[in-house]
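Coordinates in review
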Amino acid sequence: MVVCLNPKTTKEDVDKIISYIKDMGLDVQVTEGQQSTILGLIGDTSKIDPNTLMMNVHVDKVMRVAEPFKKASRTFNPVDTVVKVGNAEIGNRKKFTVIAGPCSVENHDQIVEVAESVKNSGATLLRGGAFKPRTSPYSFQGLELEGLELLKEAKANTGLPIVTEIMSPKMVEKFESDVDIIQVGARNMQNFDLLKELGKASKPILLKRGLSATIEEWLMSAEYIMAGGNENVILCERGIRTFETYTRNTLDLSAIPAVKKLSHLPVVVDPSHSAGRRWMVEPLSLAAMAIGADGLIVEVHNCPEKALCDGAQSLDPKQFDDLMTKLRNMGKNLGIEV
Ligand code: PEP
Ligand code: MN
């Protein structure tokens, strides 16, 4: 972090600022310019809020040179994190993990049928929302606790571990016992109370990127979870809001290599919520594999026309099976097992 002082700062005030910074456990490299003094802060600056330094009347400018996240940063931890759940190794660059299932759990037959078909096609984890964050309070809100029970039945039938979304910090204990990967939805990416609770959880967290979150904000949310002690975080790029309305969201493919450079955490792509249109799921999925994502989370419904949520972007079982074949073929050329 670099701190530029106002040209009129006296030697005495410069010394006060230096000792204030040293008291925070950092070293300071002082450069006396012709106009002003520049302080280079050396050490872990992730705990320093630039705005606090800006409150000092002698400080003109504060610039970060290192990222504000630490546990999520590749600089501090260069080795790729691999999250192991069931047969999946999310983050192992030689393996591509596909999580599939309906947007929402609707009833027993639906979730059990979809679970069996995605398993037969090669998915290694089952998704399905029981608590749904809907824009309208009048839309289907999910089966809630009954939905969790149905997911557990589908898991018992297929052996597929469960990925499902949590909305409230009050539910963490229940999710810890019933769920294999706890999903934080885009709308809750900055629900800091929830993130803090999940920091204490023993299960991996799938952290979706917020609707309009920058990569840094997203990684700072991962940092919240990791700072609490839970280092098993999987990032999920699910499209961001842009001026474009043709797609539901704009899949930010460039976020994948960016995150891989900045962080050691695995990153998966959600082509379904990115596109909002079923026919686009396949090309976006292949692009995700090509650009280095660790896997996908895809919506699949046994009868998309009748889905209670997100039918337009859901694949039917045959379309999902075709997608898996294409991914496996592409994976062969890239040395990646699907
Ligand atoms: C979902 O996965 O069903 C979902 C609601 O996704 P997002 O939080 O990305 O909108
Ligand atoms: Mn959905």
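Below, the structure is looked at part by part.

Cut-offs and rules
- Residues numbered from 1 in each chain as written.
- Chains lettered and ligands numbered in written order.
- Predicted model: local features only at pLDDT ≥ 70, side-chain atom pairs only at ≥ 80, totals over all residues.
- Heavy atoms only, no water.
- Salt bridge = Lys/Arg side-chain N within 4 Å of Asp/Glu carboxyl O.
- Helix = DSSP H or I, 4+ residues; strand = E, 2+ residues; numbered from the N terminus.
- Near = heavy atom within 4 Å.
- Polar contact = N/O pair within 3.5 Å; in protein donor to acceptor, adjacent residues only side chain to side chain.
- Areas by Shrake-Rupley, 256 points an atom, 1.4 Å probe, with all protein chains shown as cover.
- Expected span 1.5 Å × (residues − 1).
- Buried < 20%, exposed > 50% of the residue type's maximum accessible area, 1.4 Å probe, protein only.
- Contact = heavy atoms within 4.5 Å.
- Donors = N, O, S within 2.8 Å, 3.2 Å for Na, K, Ca; no water.

Quick look at the pattern of salt bridges
Applying the stated rule across the entire model yields 21 salt bridges. Measuring nitrogen to oxygen at the nearest pair gives 3.5 Å for the salt bridge that ties lysine 71 to glutamate 231. Taken together, the positions of lysine 71 in the loop between β4 (59-63) and β5 (83-85) and glutamate 231 in the loop between α7 (215-227) and β12 (233-237) put the pair 160 residues apart, joining distant regions of the chain. Arginine 93 is paired through a salt bridge with aspartate 80; the nearest N and O atoms lie 2.7 Å apart.

Describing the site of ligand 1
All residues in the neighbourhood of ligand 1 are listed as Cys103, Arg127, Lys132, Glu165, Gln183, Gly185, Ala186, Arg187, Lys208, Arg238, His273 and Glu299. Within the backbone of alanine 186, an N or O atom sits 2.7 Å from an oxygen atom of ligand 1. When isolated, ligand 1 has an accessible area of 300 Å², and the protein chains bury 97% of it.

Details of helix α3 (residues 108-121)
The first and last C-alpha atoms of α3 sit 20 Å apart over 14 residues, in line with the 20 Å expected at 1.5 Å per residue. If you check which residues of α3 are buried, you get Gln110, Ile111, Val112, Val114, Ala115, Ser117, Val118 and Ser121. Its buried side turned inward, α3 meets β7 (97-101), β8 (125-127), α4 (145-158) and α11 (317-334). Backbone nitrogen of aspartate 109 and a side-chain oxygen of the N-cap are separated by 3.2 Å at the start of α3; the cap is asparagine 107. Directly after α3, the chain includes glycine 122, whose backbone phi takes a positive value near 115°.

Remarks on the environment of leucine 198
Along the chain, leucine 198 falls in helix α6 (residues 192-199). Considered as a pair, leucine 198 and glutamate 173 are 25 residues apart in the sequence and their alpha carbons are 9.5 Å apart. Excluding residues that lie within four positions of it along the chain, leucine 198 makes contacts with Ile166, Val172, Ile182, Val184, Ile205, Ile225 and Asn230.

Concerning the side chain of glutamine 313
Turning to its location among the elements, glutamine 313 is positioned in the loop between β14 (295-299) and α11. Classification of glutamine 313 by relative accessible area gives buried; the value is 2%. Polar contacts involving the side chain of glutamine 313 include one to the side chain of aspartate 310, which spans 3.1 Å. Residues contacting glutamine 313, with those up to four places away along its chain left out, are Arg248, Ser272, His273, Gly276, Arg277, Arg278, Val281 and Glu299.

Remarks on the coordination of the manganese ion (ligand 2)
Octahedral six-donor coordination of a metal ideally yields angles of 90 or 180 degrees, compared with 109.5 degrees for tetrahedral four-donor coordination. Here the manganese ion (ligand 2) is held by Cys103 (SG), His273 (NE2), Glu299 (OE) and Asp310 (OD), and the distances to it run 2.1 to 2.4 Å. In the primary structure, the donors to the manganese ion (ligand 2) are separated according to the pattern C-x169-H-x25-E-x10-D. Remark: aspartate 310 occurs in the loop between β14 and α11 and cysteine 103 occurs in the loop between β7 and α3; sequence separation between them is 207 residues. For the pair shown, cysteine 103 and aspartate 310 are each scored as buried.

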